[in-house]
Structure formats: structure tokens, C-alpha cells
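Coordinate inspection notes
Each chain, written out:
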Amino acid sequence: MAFFTYILASQRNGTIYTGMTDDIAKRVWQHRTGQLKSFTWKYNVKLLVWYELHDTRESACLRERRIKEWKRAWKIKLIEAYNPTWRDLYHDQNW
């Protein structure tokens, strides 16, 4: 089973959200459709701009917690190193 740490954004340099899941396609779809009436719904955070694959739930969870502690500038640097145009990666993948 695969686990993911991911970052969603409202737009380039907009509001960002970090999470983790074992089903990234389902989780991002839940954020996109407003199924999760939470921070992402309130601030229209729907674009999958970064993700990372992990072998264990523990490593994905640890990475999520560490990223959440980072300064915003560090998160933006991480996103732009992987996805410089902040393209929505959700449809690029064959989940």
C-alpha cells in the first residue's frame, strides 16, 4: 500500500494546505468537491501542486507534520522545485 504527503493550493502563491492520505485520488477529489467542509473548502484550496510517495503511514504522517511546521517560504520553495508553474497535478496522474 502507498501513502502520500501532499500540498494543495487555492492558486499560485495563494492559500496552501498540507495533508496525508493512503488514497490521494479520493482525498483530493473530496477537497475539490467540497465533501470535506473544512479549511480547504472555506478557502477554496483545490489544486494539487505537490505530493510525495511514502512506503509507510508513519513516514507520510511524519513528513506532513514536519512540513506543517515550516515557514511559508519553505513550502513555496518545495512546490516550485517540483512544480514551478503550480500546475494542477491531479489530472496529470493515472491514479
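1. Thoughts on the packing of aromatic side chains
- In this structure the tally under the stated criterion is 6 aromatic pairs.
- Plain terms: the ring middles of Phe 39 and Tyr 43 are 4.9 Å apart, the flat faces sit at 45 degrees to each other, and that makes the pair tilted.
- Through pairs of rings, three or more aromatic residues link up here, namely Tyr 6, Tyr 17, Phe 39 and Tyr 43.

2. Some details on the pattern of salt bridges
- Within the structure shown, the criterion is met by 6 salt bridges.
- The closest approach of N and O atoms between Asp 22 and Arg 57, which form a salt bridge, is 3.6 Å. Within this pair, whereas Asp 22 is found in the loop between strand E2 (16-21) and helix H1 (24-33), its partner Arg 57 is found in helix H3 (residues 57-69), the two being separated by 35 residues in sequence.
- Between Arg 87 and Asp 92 there is a salt bridge, with the nearest N and O atoms lying 2.5 Å from each other.
- Look at Asp 92 and you get partly exposed, because its relative accessible area is 41%.

3. Notes on helix H4 (residues 72-82)
- Along H4, the residues classified as buried are Lys 75, Ile 76, Leu 78 and Ile 79. One face of H4 carries all of its buried residues, which in axial projection span an arc of 160 degrees. Every exposed residue of H4 that faces more than 90 degrees away from the buried side is listed here: Ala 73, Lys 77 and Ala 81.
- Residues of H4 that are buried make contact with strand E1 (3-9), E2, strand E3 (47-54) and H3.

Definitions and limits used
- Residues numbered from 1 in each chain as written.
- Predicted model: local features only at pLDDT ≥ 70, side-chain atom pairs only at ≥ 80, totals over all residues.
- Heavy atoms only, no water.
- Phe/Tyr/Trp six-rings, centres within 6.5 Å; stacked < 30°, edge-to-face > 60°.
- Salt bridge = Lys/Arg side-chain N within 4 Å of Asp/Glu carboxyl O.
- Helix = DSSP H or I, 4+ residues; strand = E, 2+ residues; numbered from the N terminus.
- Buried < 20%, exposed > 50% of the residue type's maximum accessible area, 1.4 Å probe, protein only.
- Arc of directions from axis to C-beta.
- Contact = heavy atoms within 4.5 Å.

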